[in-house]
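So the chains spell out like this:
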Amino acid sequence: MNNMDSGTTLGRYKIVEKIGSGGMGQVYLAQDTTLGRNVALKLLSPEVADDPERRARFEREARAVAALNHPNIVTIHAIEREGDTYFIAMEYVAGRTLSGETFADGLPLVQFFDIARPLVDAVKCAHEKGVIHRDLKPDNVMVDGSGRLKVLDFGLAKLKPGFLEENIDTRAATAHDRSVAGQILGTIAYMSPEQAEGKEVDHRSDIFSLGIMLHELITGRRPFSGDSSASMISSLLRDQAPTITAVNPALPEDLSAVITRCLAKDPAARYQSAQELARDLGAVHGRLTSSLDGSLHGRASRPATSKVLPLALTAALVAVTIALGWMWMTRGARRDAAPIVNASFTQLTHEPGQELYPTLSADGRTIVYARAGAGNMDLFALRVGGENATNLTATSPADDSQPAFSPDSERLVFRSERDGGGLFVMGATGESVRRLTDFGFHPAWSPDGQHVACVTQNVIDPGFRFTTSQLWVVAVATGEKRLLGEADAAQPSWSPNGHRIAYWGRAGENARGDIWTVAVGGGPAVASTTDPATDWNPVWSPDGTALYFLSDRGGSMNVWRMAVDERSGAVLGAPEPVTTGAGTSTQHLTIAKDGRLAYVVRAETMNIQRVGFDPDAAAITGLPSPVTRGSRTFAQPHLSSDQSQLAFNTSGKKEDIFVSRADGTALQQVTDDGFIDRAARWSPDGRRIAFYSDRTGKFEIWAINRDGSGLRQLSQSPGAHYPVWSPDGARMAFSTHAPNGAAIFDTTGAWNSQTLVRLPDIPDKTQSFEVWSWSGDGRWLAGQRHLADLSHAGIGIHEIGSDTLDWLTDFGEWPVWLRDGRRMLFSHQGKLHLLDRVTKKTTELLALPQNNLGSVGLAADDRAIYFTVMAAEADLWMMTVK
């Protein structure tokens, strides 16, 4: 079977399309109909299948890769045979190979390291397991939509003797590698001299190939060239590779030395292991990251042309810009302020995904943090400077987060969703877990270890808080709790001498966030900051003389500090910047007794994608394709009824309404001001766009024409969110995050002349019903349960004219009706689902690995689904202020 048509089945796999080919056979995108996921099938061609040696090599590749458990190496699911067809089912990586990118004059240094380091790490993992790739080249390296790199195609891999017996739980017979002197295996442009001569090769051959790839990534050209295979081999054997600084003198000399060593003709003169290469490459990266000359930012004066890795400017960016020249235009701060430059910075974690909520032990030697894993979030402990983290909560399937070390570092208090949720205490190595409370977030110990301060609202993003939070103090021994004031309070920090608790909150309708302190015994809170900036996440210095906190007062979220009297809360000096940066976000600040600070550096992109849908078959058709691209955060897509125009909003620091054609072209900004504009919705006639905005100081529903004219306020109900047009455009539903807050009003009449139709309430007054979609027959409203911590937990429907809410699920968000008025789409934990309101049955339609599928929009004919794709990376960093 040489070629397969779309729709052909191969066992449980349904072929979607051909995506590649090679010497061994063809590669197809297929759907695993049993598990409902996309996979890549590598089919062995008939002529190869008939050759026992080549078939053995094919199987050996699969077994070799299956034994390599690394986030930057493609995952093998199974080795299978259907009739006469042999094939490997493997992870499908939706992205492009490095050969599909244009490097021109080479990548900027930040992007170079975002590719180079995981690439070398993947090869290091293979070598440590005894696998030599022997065909490293850009065609065999993929970068997916979230920027993650994957090494593919181990078809020419050479295994150490006994590899399969050591690494795979099987005794199946396999052929040994039979490459012999005189055979040339691999791709000439990227092979080593000894490989080109047909000599026996070892792991150092891969290091030479890595050197060629690194040289090409940073300069835009390969170090060896030729017009034919013969001339290319001649160049490999005779020519001296030009240094990268000879190609571009502005590139770093120490990086040039690393790549030159990789390209030594004599294997003995190269790096003797990929581990050595990874170490030196990391050292160069670290030096550039912490240098004061900003060298990591540039491509050494050459303009960027590559589009690789839209998200890959991750945690390194903040560290890169730390201590750089402070171009500072802050509101209400000293003009002569400058960052603290006498500090050193160390990246603590490098894992893909997000590491969040760090806490440092008293001696600063251990850090505990939360990381999402297989379906849930767990707590991990890591020795500072180490690489191997220990999962402390592996036995619990619930989400565990927000850990805090006790003052003696013997215990941890943390938030857990187990058994209904609350705060729990356990030993520092994960033993003896017990419940402390049935509520609470962001716990903080008293200095004597006898009490814990906590709040009633979780803070995920300081820009998304719609309700207030209370500050409580809980006795660790008895669980007795005490309310400490009525003011809005989040993320508390207990002062080191036990006198005051610092927190941040909002005092007033338009406040974005300020730092406050309150005496432990109660009394009036004292404001530490009172300006328009967002100030949050305060932590006390170990000596109690200052507060460190996070603020966007410099234009991006960074670390600041101010002198504060611990007994009175009096502010003794203006805030001063500790770090500076742009493009990424600093979060989750913590401090050790020796004064070292740890924090999260997070980068996020949001874009809109489209995928085909067959409503009759209830199945996705084809692959998702991008509608918007780039580093802006586009979200909440809504397609006009004639399916020609798309409306959406940006998210983050500046939130405005945009429109485009349905394919993302002809992008036009509709609002451009300092207000928050969100959740754009086309009117049924396609003439106006409704959205909610804070342009009056409180969120209200507004409408505007496509060209930005005719701006008009529709609602006068403070806190109104998420406008939803009725099918005829005569009515509109909206939500507030308050009891009895969801309602319907008449869009054709004046606000003060009508009576709102209130939707049924949720008995739990800490929750609310958020309306999101009106069925095409005008009969039903669908929405989601909104919780106090800003999360969503369930899909509900309301029949117009009734007095009930019917909850169909206890999970999910962003429901959108299909035309039949019976089914709807919704998203949950990065996956797209179909829901039947009658049977309440849910069916998973689409999952995006390493991405988070957000709000959903649907074409009027149900044939196209638009959705937000969020991709984020977050790593832990440590700062030592000297």
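S.K.: Quick question: what am I supposed to make of helix α7 (residues 229-238) here?
M.R.: Looking at α7, one finds that the buried residues are M232, I233, S235 and L236. For α7, the angular spread of buried residues about the axis comes to 155°, placing them on one side. α7 presents A230 and R238 as exposed residues on the side facing more than 90 degrees away from its buried surface. In this fold, the buried residues of α7 make contact with α5 (193-196) and α6 (203-219).

S.K.: Could you clarify how one ought to interpret the sheet that holds strand β20 (residues 434-435) in this entry?
M.R.: Strand pairing in a sheet is mediated by backbone hydrogen bonds. Such pairs are either parallel or antiparallel. Strand order in the open sheet formed by four strands is β17-β18-β19-β20, with antiparallel pairing between adjacent strands. Every other strand in the sheet has two partners, leaving β17 (400-405) and β20 as the edge strands with one partner each. In terms of strand pairing, β17 meets strand β18 (residues 411-416) through four bridges, oriented antiparallel. Paired with F405 across the bridge in β18 is L412.

S.K.: Even after reading the chapter, I still don't get the packing of aromatic side chains, so can you show me in this structure?
M.R.: Any two aromatic rings considered together are summarised by their centre-to-centre distance and by the angle between their planes. Going through the model one piece at a time under the given rule, you end up with 20 aromatic pairs. With 6.1 Å between their ring centres and 20° between their planes, Y369 and F380 make a pair best called stacked. Here Y369 is found in strand β14 (residues 366-372), whereas its partner F380 is found in strand β15 (residues 377-383), with 11 residues between them in sequence. Looking at Y369, the relative accessible area reads 1%, which means it is buried. For the ring pair Y722 and W772, a centre distance of 5.1 Å and an interplane angle of 80° mean the geometry is edge-to-face. Pair noted here: Y722 is in strand β44 (residues 721-725) and W772 is in strand β48 (residues 768-774), with a separation of 50 residues, a long-range link. Taken as a pair, Y722 and W772 share a single burial class, namely buried. Linked through ring pairs, Y692, F699, Y722, W772 and W814 together constitute an aromatic cluster.

S.K.: What exactly am I supposed to notice about the pairing of strand β23 (residues 471-475) here?
M.R.: Regular strands have side chains that alternate between both faces of the sheet. For β23, a buried count of five out of five residues is recorded, marking the element as mostly surrounded by other parts of the structure. Covered by surrounding structure in β23 are L471, V473 and A475 together with W472 and V474, the residues of both alternating faces. Here five bridges tie strand β22 (residues 451-455) to β23, and the two strands are oriented antiparallel to one another. Considered in β23, the bridge of A453 is made with V473. When β23 meets strand β24 (residues 481-483), the two strands line up antiparallel, connected through three bridges. When the sheet's bridge partners are listed, W472 is paired in β24 with L483.

S.K.: Quick question: what am I supposed to make of the pattern of salt bridges here?
M.R.: A side chain of one charge can pair with a side chain of the opposite charge when the charged atoms of the two come close. Throughout the structure, instances matching the rule amount to 27 salt bridges. Of the charged contacts in the structure, one is a salt bridge between R553 and D535, with a shortest N-O distance of 2.6 Å. Taken together, the residues R553 in the loop between β30 (546-551) and β31 (558-563) and D535 in strand β29 (residues 535-540) connect sequence positions 18 residues apart. It is possible to trace a salt-bridge network through shared partners that takes in R12, D32 and E80.

S.K.: I tried to follow the nonpolar core on my own but got confused; where do I start?
M.R.: Across soluble globular proteins, nonpolar side chains have a tendency to be buried as a group. In this structure, F112, F113, I218, F224, L255, I259 and L281 are the most contacted members of the largest nonpolar core, which totals 52 residues. Sorting the residues of this core by element identifies α3 (109-128), β9 (141-144), β10 (149-151), α6, α7, α9 (253-262) and α10 (274-290) as the ones contributing at least two each. Once residues lying within four places of it in the same chain are set aside, the contact partners of I259 are F112, G211, L214, H215, I218 and I244. Counting residues in each nonpolar core, the second largest holds 35 residues, with F613, F699, F745 and L846 among its members.

S.K.: It is not clear to me how the sheet that holds strand β39 (residues 668-669) should be interpreted in this structure. Could you clarify?
M.R.: One open sheet holds the four strands; their spatial order is β36-β37-β38-β39, and the pairing between them is antiparallel. Looking at the sheet topology across the chains shown, the edges are occupied by β36 (634-639) and β39. As paired elements, β36 and strand β37 (residues 645-650) share four bridges and run antiparallel to each other. Opposite L639, over in β37, you have L646 as the bridge partner.

S.K.: Looking at this structure, I do not really get the side chain of T219. What am I missing?
M.R.: For T219, the location among the structural elements is in helix α6. A relative accessible area of 1% means that T219 is categorised as buried. Only 3.1 Å separates the side chain of T219 from the backbone oxygen of R221, close enough to count as a polar contact.

S.K.: Would you explain α6 in this entry?
M.R.: An α-helical turn contains 3.6 residues, so a residue and the one three or four places further along point in the same direction. In this model, α6 (17 residues) spans 25 Å end to end at C-alpha, consistent with the 24 Å of a helix rising 1.5 Å per residue. Taking burial as the measure, the 17 residues of α6 include 16 buried ones, the bulk of the element. In the stretch just after α6, G220 is the one whose phi turns positive, near 90°.

S.K.: How do you make sense of the packing of α3 against α6 when you look at a structure like this?
M.R.: Between two packed helices, the angle of one axis relative to the other and the distance separating the axes together describe the packing. Where α3 contacts α6, the axes come no closer than 11 Å and their chain directions differ by 170°. Relative to α6, α3 is oriented roughly antiparallel. Where α3 abuts α6, its residues L109, F112, I115, A116, L119, V120, V123 and H127 lie against H203, D206, L210, M213, L214, L217 and I218. Class assignment for the residues of the contact of α3 with α6 results in 12 nonpolar, two polar and one charged.

S.K.: Help me understand the environment of I501 in this model?
M.R.: Relative to the helices and strands, I501 is located in strand β26 (residues 500-505). Sequence separation between I501 and S446 is 55 residues, and the spatial gap between their C-alpha atoms is 9.0 Å. Discounting chain neighbours no more than four positions away, the residues touching I501 are A453, L471, V473, L484, P492, S493, W494, W516, T517, V518, V520 and W540.

S.K.: Just to check I follow, could you spell out the side chain of E194 for this structure?
M.R.: Looking at where E194 falls in the secondary structure, it is placed in helix α5. A residue is classified by how much of its surface remains accessible, and E194, at 9% relative accessible area, is buried. Ignoring sequence-local partners within four residues, the contact set of E194 consists of K199, E200, V201, R204, S205, K265, P267 and R270.

The rules behind these values
- Residues numbered from 1 in each chain as written.
- Predicted model: local features only at pLDDT ≥ 70, side-chain atom pairs only at ≥ 80, totals over all residues.
- Heavy atoms only, no water.
- Buried < 20%, exposed > 50% of the residue type's maximum accessible area, 1.4 Å probe, protein only.
- Helix = DSSP H or I, 4+ residues; strand = E, 2+ residues; numbered from the N terminus.
- Arc of directions from axis to C-beta.
- Contact = heavy atoms within 4.5 Å.
- Pairing = 2+ DSSP bridges.
- Phe/Tyr/Trp six-rings, centres within 6.5 Å; stacked < 30°, edge-to-face > 60°.
- Salt bridge = Lys/Arg side-chain N within 4 Å of Asp/Glu carboxyl O.
- Core = buried A, V, L, I, M, F, W, Y, C linked by side-chain atoms within 4.5 Å.
- Polar contact = N/O pair within 3.5 Å; in protein donor to acceptor, adjacent residues only side chain to side chain.
- Expected span 1.5 Å × (residues − 1).
- Axes fitted to C-alpha atoms, helices over the stretch in contact; angles between N-to-C directions.
- Parallel < 35°, antiparallel > 145°, perpendicular 65-115°, else oblique.
- Nonpolar A, V, L, I, M, F, W, Y, C, P; charged D, E, K, R; others polar.

In short, the description is geometric, and any link to function would need to be established separately.
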